[in-house]
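In case you want the letters, here they are:
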Amino acid sequence: MRIGNVNAQDRVKQLKDAAADPYANEPPRHPAMQVLSMRPFNSEPPRDLLALSFFTPNDIFYVRNHLPVPHVQKEGYAVSVKFGRIEKKFTLDDLRKFPQVTVPVTLQCAGNRRRGMSSLRSVDGLMWDTGAISTATWTGVRLADVLRKVGVTDDGARKKGWKHVVFEGHDGGPDGKYGASISYDRATDAEADVILAWEMNGTELPKDHGFPLRVVVPGLVGARSVKWLNSIEVSEKESQSIWQQKDYKNIGPSFLDRLTAAAAAKEAPPVKEMPVQSAILIPDDSEGIKADQETVIASGYACGGGGRGIHRVDVTPDNGNTWIPAELYETDEGKTEGNKTYGKLIDRPMPQQWAWTLWRAEVPVSLKKKEFELCAKAVNTANDTQPETPKGIWNLRGLLNNSWHCIHIKRDE
């Protein structure tokens, strides 16, 4: 049944308002997502939802947008590939002619667990909890194959001094379009699995995650996996965008104010590989247990960083005096407990462990204590481990907090 009519003048006004408001065409989002900002939109899944499966469903995959979601249509879409004076454009149909690959990759924001770092001293940025990280399968073509196809060669790159591959997205604002870059060596290494992806978990990329095409750079901070891809350029210089030159810089704990921190950031290299990381997802913080309960089943994720695997996850109920080794799982196959699915531990050749490891531990807890903390730390295959506190890694931007992750547990009365 039709109810009423839209006045032509009203319709014109609606269109003008939409044009004036860059956020007018934002996609719908899952109501369970925990929103950190609306403009631009940034959100993370609750811990219990993130813990449900190895691959994060698209609608609860964390969203990190720096700018409004651009309106990019599949029809007529093409990505530009530039090197020297040569520029070639590829439609999605052109890209589909290359050998297709599907790679499981965990993406993580550099600000993941920033909230925990802010408990030590105030930091800038969105107060991410443990959910600025998610895992999906990504389907597309290897960037290395595309670059070789257009004529990029290692000899030519050396002669021209090309050391970087620069990505630019369609999303833009007062500071220009979003951009980032990675090393030429990583971009052209087929074993690095850098891909131009058009599918996520077997379906078309959602708008929030880069439709119709994005870069996925395994092992590096999520900021380098540029969404809504507009262009790729082989270059002598890094991306000159503020997100490469000013943001995502690890400047250390000695710079306490924005002025000195900004000056230090100009000289610091951009964040690339992520450090070893882990977090407890179940039970949730401040969750109660029964008065006579002697064990707590804890579970969560761990990431080795840079393609390194996880060697071990340890959990302590008493500030590190005793430790319980966790069981590690890296697929969705095998073991199910309640609504939580774990998989069998598998071995993959280094350095291609691009996805997280799930873990589970049954931790004995003293009946004499009414309140206590559970803390987890991971050890990767290079034997790097997490620091006990954020004191030595604190920075004003709140980046790369990989200190022990702890939750507070209280017994029911």
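Preceding this section is the structure that the text describes.
As the structure is a prediction and not an experimental result, all values here were calculated from the model.

*Asks:* With reference to specific residues and values, describe the sheet that holds strand β19 (residues 327–329).
*Replies:* Within the open sheet, the 4 strands sit side by side as β14-β16-β22-β19. Their pairing is antiparallel. In this open sheet, the two strands that pair with only one neighbour each are β14 (277–282) and β19. Going across the sheet, the axis of each strand differs from the next one's by a mean of 30°, ignoring polarity. Bridging between strand β16 (residues 295–303) and strand β22 (residues 357–364) involves 8 bridges; their strand directions are antiparallel. Bridge pairing links Tyr 301 to Leu 358 in β22.

*Asks:* An account of the state of the cysteines is needed here, citing residue identities and associated values.
*Replies:* For the coordinates displayed, the defined rule picks out 1 disulfide. The disulfide that involves Cys 375 links it to Cys 406, with 2.1 Å between the sulfurs. Given an S-S torsion of about 110°, the disulfide between Cys 375 and Cys 406 has right-handed geometry. Taken together, the positions of Cys 375 in strand β23 (residues 371–380) and Cys 406 in strand β24 (residues 405–411) put the pair 31 residues apart, joining distant regions of the chain.

*Asks:* A description of the sheet that holds strand β5 (residues 86–90) should follow, citing residues and the corresponding values.
*Replies:* In a beta sheet, neighbouring strands are held together by backbone hydrogen bonds and run either parallel or antiparallel to one another. On the basis of which strands lie adjacent, the open sheet formed by 5 strands has the order β5-β4-β13-β8-β9 and mixed pairing. Where the open sheet ends on each side, the last strands, each with one partner, are β5 and β9 (176–183). On average, each strand axis in the sheet is inclined to that of its neighbour by 20°, with strand direction left out of account. Inspection of the sheet shows strand β4 (residues 79–83) paired to strand β13 (residues 229–235) by 4 bridges, in the parallel sense. Each residue of the ladder has a partner; that of Lys 82, found in β13, is Glu 233. Along the sheet, helix α5 (residues 143–150) makes contact with β4, β5, β8 (164–173) and β13, crossing β4 at roughly 60°.

*Asks:* I'd like to hear about the pairing of strand β17 (residues 310–316), residue by residue, with values.
*Replies:* Across the 7 residues that make up β17, a large majority, 5, are buried. In this structure, β17 lies alongside β23, joined through 6 bridges in antiparallel fashion. Residue pairing in the sheet places Thr 316 in a bridge with Cys 375 of β23. As defined by bridge partners, β17 adjoins strand β18 (residues 324–325) across 2 bridges and the pair is classed as antiparallel. Directly across from Asp 314, in β18, lies its bridge partner Pro 325.

Conventions and cut-offs
All residue numbers refer to positions counted from 1 along the written sequence of the respective chain. Given that this is a predicted model, residues contribute local features only at a pLDDT of at least 70 and side-chain atom pairs are listed and counted only at 80 or more, while totals for whole chains, interfaces and linings are drawn from all residues. Excluding hydrogens and water, the side-chain values take into account all heavy atoms of the structure. Between any two strands, pairing holds if DSSP finds at least two bridges. In this description a helix means any DSSP run of H or I spanning at least four residues, a strand means any run of E spanning at least two, and both kinds are numbered starting from the N terminus. Lines are fitted to the C-alpha atoms to define the axes, a helix being fitted only along its stretch in contact, and any angle between axes, read from their N-to-C directions, falls within 0 to 180 degrees. Here, the term disulfide refers to a pair of cysteine sulfur atoms separated by no more than 2.5 Å. In this description, contact between two residues means that some pair of their heavy atoms is separated by no more than 4.5 Å. Exposed residues in this analysis have more than 50% of their type's maximum accessible area, buried residues have under 20%, and partly exposed residues fall in between, with area computed by a 1.4 Å probe over protein chains only.

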